[in-house]
Amino acid sequence: MASWLGGLGSGLGQSLGQVGGSLSSLTGQISSFTKDILLEGAEEVGDAATELHVSNSRLREIESINAAQKFENERLKKLCSDLEEKHEASELQIKQLSVEYRNQLQQKEVEISHLKARQNALQEQLQKVQTAAQSAQSGVGVLPPAAASASYVPAVRPSSCFEGDDMDFGDIIWSQQEINRLSNEVSRLESEVDHWKQIALSSKVQRTNDAEQSEICKLQNIVKELKQNLSQEIDEHQHELSVLQDAHRQKLVELSRRHREELREYEERIEELENQLQQDGVSADAMDDSKISQQKKNAQSLERGKVEELQIVKDLEDEIRRLNHKLSSAKEESKILLKEQELAKVEKMQIMQEYENLKSDFSMLQSSVAERDALLKEQEKKLQLKTSLPEDIVRLQQALLEAENELARLSSLKQEGLEKELTSAQHKNVLSAYTEDQNSELSQLRQDLERKESELNESIAERETLIVELEELDKQNQEATQHMITLKEQLSKQHTENDSVVKQLKFDLEFERKKVSELEIEKMETIKELNSQKEKLSQCSCELNDLHLNKQQLQDNIKDFEEQLKKAQECNLHNEKEIEELQQRLKEREEELSVSLSKLTEKHNKESNYACQDLILKEREVEIAKLQNDISENKQLNEDLEKSLSDLRTENGKLIAAVEELKQELSDAISEKNKVYLEKDTVVEALKMEKRQLENELNQTEKRLLEQAHKYKQTIEELSNARSMDTTALQLEHERLVKLNQEKDFKIAELKRSIEQMETDHQETKEMLTTTLGGQKQLTELIKEKEVFIEKFKNQALQVKQELEEYMKVSKKQDVLKHNLEEKDRSLAIMKEENNHLKEEIERLKDQQSRSTPVVEPKTLDIIIELESEVTQLKVIKNSLEEEIEVHKKTIEDQNQTTVQLQQSLQEQRKEIDESRFQCEQMNVTHERLSLEKDEEIKNLQKTIEQIKTQLHKERQIIQTYSSDLFQETKVQTLNGENGNEKHDLSKAEIERLVKGIKEREMEIKLLNEKNVSLSQQIDQLSKDEVGKLTRIIQEKDLEIQALNARVSSAPYRQDVLCLQQQLQAYVMEREQVLAVLSEKTRENSQLKTEYHNIMDIVAAKEAALVRLQGEIQKLSNRSENSSQEMSRETIQNLSRIIREKDIEIDALSQKCQTLLTVLQTSSIGTDNGSGGVNSNQFEELLQERDKLKQQVKKMEEWKQQVITTVQNMQHESAHLQEELQKLQAQISIESDSNSKLQVDYNGLIQSYEQNEKKLKSFSQELAQVQHSIGQLYNTKDLLLSKLDLVTPSVAAASTVSQLSGIQYSAPEVLSDESKLLQNELERLKSKLQEKDSTIRTLQENNQRLSDSVATASEIERKSQEGTESEMRQIKEKHDVLQKSLREKDILIKSKSDQLLSVSENLSNKENENELLKQAVTNLKERNLILEMDIRKLKEENEKIVAKCREKETEFRALQETNMQFSMMLKEKEFESHSMKEKALAFEKLLKEKEQGNTGELNQLLSEVKSMQEKAVTFQQERDQVMVALKQKQMESSALQGEVQHLREKEQRLNQELERLRNHLLEMEDSYTREALAAEDREVKLRKKILILEEKLVSSSTAVENASHQASLQVESLQEQLNLVSKQRDETVLQLTISQDQVKQYALSLANLQMVLEQFQQEEKAMYSAELEKHQNQTAEWKKKAEKLEEKVISLQESLGEANAALDAASRLTEQLDVKEEQIEELKKEGEIRREMLEDVQNKLMDLMNSTEGKVDKVLMRNLFVGHFHTPKNKRPEVLRLMGSILGIKKEELDQLLSEDQRGVTSWVTGWLGGGAGSKSVPSTPLRPTHQNIFNSSFSELFVKFLETESCPSIPPPKLSVHDMKLLGAAGTGKTSSTPSNSQMQDSAASAMSRRPDANPFLARRSAAVPLIMPTSNSGHLLMKPISDALPTFTPLPVSPDASAGAVLKDLLKQ
């Protein structure tokens, strides 16, 4: 055990280590993969600030991804835990079931052991009897094979019951069984000992016990019966066990098969999903942006169309189901009719089903084996592909194969070794029974056996470990697959995150596009709109072509998907790289845009100063072109990103769907498991019920046997008592008892038969139950599958509806969100504009503050605080707006996802439609063949129609329309008939296909019918035209005749015309009747044809089925005979050989047992003497040998029992097979009879068909005759019409003459001559009229004659037709009657022949019996005389036997006494053996202790052992002699008993024969008289029976006729229903076509509406954009105007101030003029002094100017220097450009300076410090730092800096003295003109600054100081010149270094 456990542990450790290694390698790959992705995503940024920003954003993204993955992991863990719990629950359930099965098995095995014990006891009794008999018969000593008889019961090891169970549990059960068996063996040996003691005693005592022998005989009979019962019970138990095993195996196989199927389905699903991913990826890459938008619209229209199509399809499916229901109802009615026939064939069907079940079981086992092999191979392949464990699998497989080989080798070796050892042992026992080498060899053999057993155990343990390792590998495989699934899910999450990033980029791109589109011109937009409209027209036409070509492209694409998956993955990597590049480009573009904006502002400023607009326009156009190129590139990138996005979304959706499908399949598997468990429970309950029934039956049989035994005992006692009485009384009692015995025997036999019948009935009911259960299960499974299908269809329909509703809701939401977005965009734009306004106002306010006096500084603080609060509010608003935008983005993303999902569903539906179309095409191909055949038939029909048209060409006026309808009906009927035949033969699936094909055919037929109708209409029109012409002519003629009648006043003409018209109508009616008759005949002909075809098809199908059945039966019979004969021969030969060998071995072992008994006796004597130690050792060895031999004997007996059971099973199987063969032969005979009947029916049908054909030919001849007669009638009619035409021209001439005469009368100029001429002419005309009247009369007479002849002909024809019809009907009726009578007579003939045969057989039997009885009577009379002589002799012998019996009884009593003594002795010996065993154990312990050091003692012990062995040999010899003597005595006793029995049997036979002969003579005389009477009675009864049978035949024939009549009626009703259904189908097809046309029209109208909508939307957009631009332009103009006005107001305010100052000065001057005039003189004096002072001041000023020109303002220099170094390296050139713009350096010079990178910072510094001549001391604000510096510095520091920049004071303008006032006024006027331009410049600069995106609100621009310009000439006084030319307006205050601005501000803050 320890080694086994160690091996198991090491195997587990290795496997787990390998699994861990593989998992670690997988995790390493995953981590490296993630690192690569992160490294690819990393950007190389120069600045630390931007790097920090990017890294922060990256960190946030990674954290979000991590959180999502954690959530997904937790969800998957929960799923895994749930699944594990389910798995554990299922395992527990399985374990419980297995435990229950095992308990049941144990119970049954216990019962078997009890039965074995009973059987052993009975067999022991039998053996006793047999041995006694043998000893009496012969003196030769032969031992009985006791062990052989005891080893009859089959031992079944429980481990064979369940192959899949664990080994340890099976071993426990097996060991328990072994213990039971050993206890039985012990009891058997004890009984043997008792038996031998009894024999020994019986040899001593005299043989006087005759009564016991009769008891023994009866007991033997009882034992035989019990044996038979036992064997039957054992067979039943084994059968039940085998059934249970088979059921368990089947269920295991089914479970494993389901598991494999599920695995395969999952793999196929995964592959399908991958293929779909590839397809979606490729299709998405292939599509363009413009196509996508249009395809969406097409998809919507297609969806709507598809919904309608789905509804139509559902309606059609419902109709098909209705049709199926109708068909099924018809089939059920036919089944009801056939049920009577099926009842007779039920037994046959059951046998066939059993055979098929056996076949299917065998095939299932084979398939399961094949599937396992296939699964192993597949799993190996998958493991090689997926995981890195192929070497382990190969190693384990090799180990398994080696273990199996070793097991086989060991088993074969063990068997061979055992056989060799046994044979060698036998030889040695026979040859050298007394040699000493025997013990050593035996010990060696035992050691070998033990070693081999240990090897076997080790191999079993290794096998178990291998099985465990295999299971672990399976688990690892499952874990690996789960891991792969998780990886896929993680990838899908990463894809979704990439989607979000891509969407953000899209949003940024769209924002840029909007900016660019604002820059574009309206002309370009109009041109683009025109182009787009043209493109849309072209695209619409292209799309129509593309939709047609898409199918072919999709089919071609499927092949390329695998290659394009790899490309798609590479594209994903490229996309990620491109995204990064795009981000960089976007940043660069933003920078470039800002630069370009600044440039544009500069250019605007320059344009106001300079007139260089043309050049700037060109530059702008170039820049716009560049921007457009960039935008197009961005668009392409965006398209690629969108494609990748759509791919990722589709993949995600598919993965989610796969997960859901997996969940559903799990739930299905669980439900299936539950079903299996329920089935198992039901089977177990049924078995339990059967077991209880069997137990009850067993108990009843046991009770009956006990009662019979009691009765027998009573009879035996009575017989023994009766022996003492006289011989006469004895004979009478003996005869009475024999009679009773015979009666009881008869009763027992009858009871046995009834029990056997009951058992057979029970088995049949069991089989019936099993078959019905199987059928019910199959039915339930089918029903469940159908229900599942129905539910799936319902769910699909509901899902489609829900998706549609959701899509509608989503579209509505999208519209609402779009509106909201547009409103938000507008509000944003407004907010931005307001923000810009506020910024501009803030800057303007700052400028004003900087210009204003330093007194206003406290106010600036308040303003700044207010501005800050406003800015914070604006920021809050901005954040809220951004959040809203993000929410809208999310909603848009969700909507996009829903659209993608809908597209997926659309694609799937398209695939389904394509598949259905493909199926339809296949159906069309099949139906085209049918249509070709039908077309040929139609052509034939058309030919017939043309022939009939040629025949009936003259009767077009009336008949044409009718004939067309008639032929249409015939066509439809023939086609329907043919279709009906096909429908009967084909299956349901083919029926549905045929229905579609038939619909198409019928459509074609309808088209042909329509063409026919149109042709007939044309013909009708022609005929109508002709009729119209004829009617006109007739009317004209009528008018003329009337006119003539009026003139002549002759009345009979009208009557003639009316008569003619009536005759014509009569002809028309006759013609219609003839045509109606024709149509009826054609219909009857078509119906007969269809019936004939149907019958032919049925006959052919039955013949084929018969041929198949006969072939199968022959094969089965051949197989069964061959297999049964071969198997039985081989098995019998093998078993006989094996049984012989085993008997020899058992004899040898029994001899050994006897030797052991003698050893026991000798050992007891030895212990009494005192030599205990050595004897005990020897005794222990002998006991060990005995135990081992016992074990061997048990094993051999078990094997023998198994062999016997197998033989019995084979016998039972052969009997079953023979029964099945007989049944099959009976079925073959029945089927051959039915075949003969069918052939007879078929021949009859052929004859009837031939008769019908003959009748048809006669009818066709009659038709031809009728047509000929009609043709003749038409010829006569034409002749009549021509005659009428001859009459008409004369009448016309008369009419013309009358007209002329009218004209002549009317003429005014009438002469008398003319009147005479007219009178002459009148007379002529009258004479002509009279002649014409005579001709008309003759014609009328002819016409009447003709009409009479026609009427007679038509009457004759009618009569002939009616006669033919009546004859036809009579013939049909006669034919039917004859057929029925034929059938009845056939049946009668068969029945009569059968009766005749039976009667003749009975007569012959009776005659034979009579003859035999006569001979028997004569023989009996002779025998009677002989028997009387024998009886006398027997009486004398009987007296002698009685005396012998008494002696035997005395002997038997003596034997019983000796037997009792022997039993006492045995008990004593057993007690002694117990004590000896204990001593032996103690001795063994002592020996083991001494063995370590005492080798000398061992040698002594060995010598003692040898001596003991020699003694044992002598004891064995003595024992053999005793045994020989015993055997002789036994043989003598058995011989004596046999003689006694023989004598008794003779007595009984003689008495029985005497009584039988007497009774027989009496019975013979009675029987002769009875038979004579009985024969007469039988004749009477037979005649009555014949009459009854005839009546029954008549009734049955009538019933058959009724049934056939009903069947024909039902068939007709079904045909009518079929016709109705076909009409309904035609109507539905028409409706379908109409609805399809409507759908197409709707689709076209939808497309048109969409086009119109799009145009409308575009126009609205254009309008909105135009209005927006107008409004923007207006707002810009208004802003400019406002700015100009503000500037004007400022300038006016300044001029006002100056004017006020000038006015004050003027008032003061006027006041002082008077004083000044007085002081002029004083001032003149002082003037000279002042001139000198001024010259000094002028000189000083000149010096100052010279000194300040070369110097620079320190504050400005410091601010510029600090600002330059604060900015990042990327933006320093921008700062330098700003400095240049402030200092007034030109752009070209700046570009040159910046391009020279060698000089760097030093050149910049030297340029500033060197101070060129053109440098201007302009105080400037320090350049503001970047965002990073602002965010890092605190608010207080910023505030300090702001105050530092603003605190550089500006000196107010110097106050002038009174003398200088006028000059100031003049200067003021001059200044006003120059200020506006300066202000404009400042404002423009401010606006340029405000437009920059990174403007700081805290740093306001300072007002630029006016440059100091030196005067050009030195002439003139300084006061006389204008101030702007000479002096600065604002000069900086000189600030001491101690009191710097920073120090002042710090003091302020401290306060």
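Structure's up top.
Residues numbered from 1 in each chain as written. Predicted model: local features only at pLDDT ≥ 70, side-chain atom pairs only at ≥ 80, totals over all residues. Heavy atoms only, no water.

1. Structural notes on the pattern of salt bridges
Under the defined criterion, the tally for this structure stands at 39 salt bridges. A salt bridge links Glu665 to Arg269; its shortest N-O distance comes to 2.3 Å. One end of the pair, Glu665, is in helix 11 (residues 613–722); the other, Arg269, is in helix 5 (residues 211–286), with 396 residues separating them in the sequence. On the basis of relative accessible area, Arg269 is assigned to the partly exposed category, the value being 29%. A salt bridge links Arg451 to Asp448, with the shortest nitrogen-to-oxygen separation between them at 2.9 Å. (Salt bridge = Lys/Arg side-chain N within 4 Å of Asp/Glu carboxyl O. Helix = DSSP H or I, 4+ residues; strand = E, 2+ residues; numbered from the N terminus. Buried < 20%, exposed > 50% of the residue type's maximum accessible area, 1.4 Å probe, protein only.)

2. Quick notes on the side chain of Ser90
Relative to the assigned elements, Ser90 resides in helix 2 (residues 48–137). When neighbours within four sequence positions are excluded, Ser90 is seen to be in contact with Lys673 and Tyr677. (Contact = heavy atoms within 4.5 Å.)

3. Structural notes on the packing of helix 20 (residues 1754–1766) against helix 21 (residues 1772–1783)
At a minimum axis separation of 9 Å, helix 20 and helix 21 run at an interaxial angle of 160°. Considered as vectors, helix 20 and helix 21 are oriented roughly antiparallel to each other. Pair helix 20 / helix 21 crosses with right-handed handedness. Together, Leu1760, His1764 and Phe1765 of helix 20 and Arg1772, Val1775, Leu1776 and Met1779 of helix 21 make up the contact between the two elements. Partitioned by chemical class, the residues of the contact of helix 20 with helix 21 number five nonpolar, one polar and one charged. (Axes fitted to C-alpha atoms, helices over the stretch in contact; angles between N-to-C directions. Parallel < 35°, antiparallel > 145°, perpendicular 65-115°, else oblique. Left-handed = near helix turned anticlockwise from the far one by under 90°. Nonpolar A, V, L, I, M, F, W, Y, C, P; charged D, E, K, R; others polar.)

4. Quick word on a negative patch on the surface
Judged by side-chain charge, Asp82, Glu84, Glu85, Glu88, Glu91 and Glu479 come together as a negatively charged surface patch. Per-element accounting of the negative patch gives the leading share, five residues, to helix 2. In this fold, Glu479 is placed in helix 9 (residues 437–519). (Patch = residues over 30% accessible without salt bridge, like charges linked within 9 Å, V, L, I, M, F, W, Y side chains within 5 Å. Areas by Shrake-Rupley, 256 points an atom, 1.4 Å probe, with all protein chains shown as cover. Lys, Arg positive; Asp, Glu negative; His and termini not counted. Charge placed at Lys NZ, Arg CZ, Asp CG, Glu CD.)

5. Points about the nonpolar core
If you look at the biggest cluster of nonpolar residues, it comprises nine residues: Val501, Val502, Leu505, Ile579, Leu582, Leu586, Leu637, Leu641 and Leu645. Within the residue set of this core, elements represented by two or more residues are helix 9, helix 10 (522–609) and helix 11. In this structure Leu641 touches Val502, Asn575, Ile579 and Leu582, once residues within four positions along its chain are discounted. (Core = buried A, V, L, I, M, F, W, Y, C linked by side-chain atoms within 4.5 Å.)

Everything listed here is a matter of coordinates, which is why it stays silent on function.
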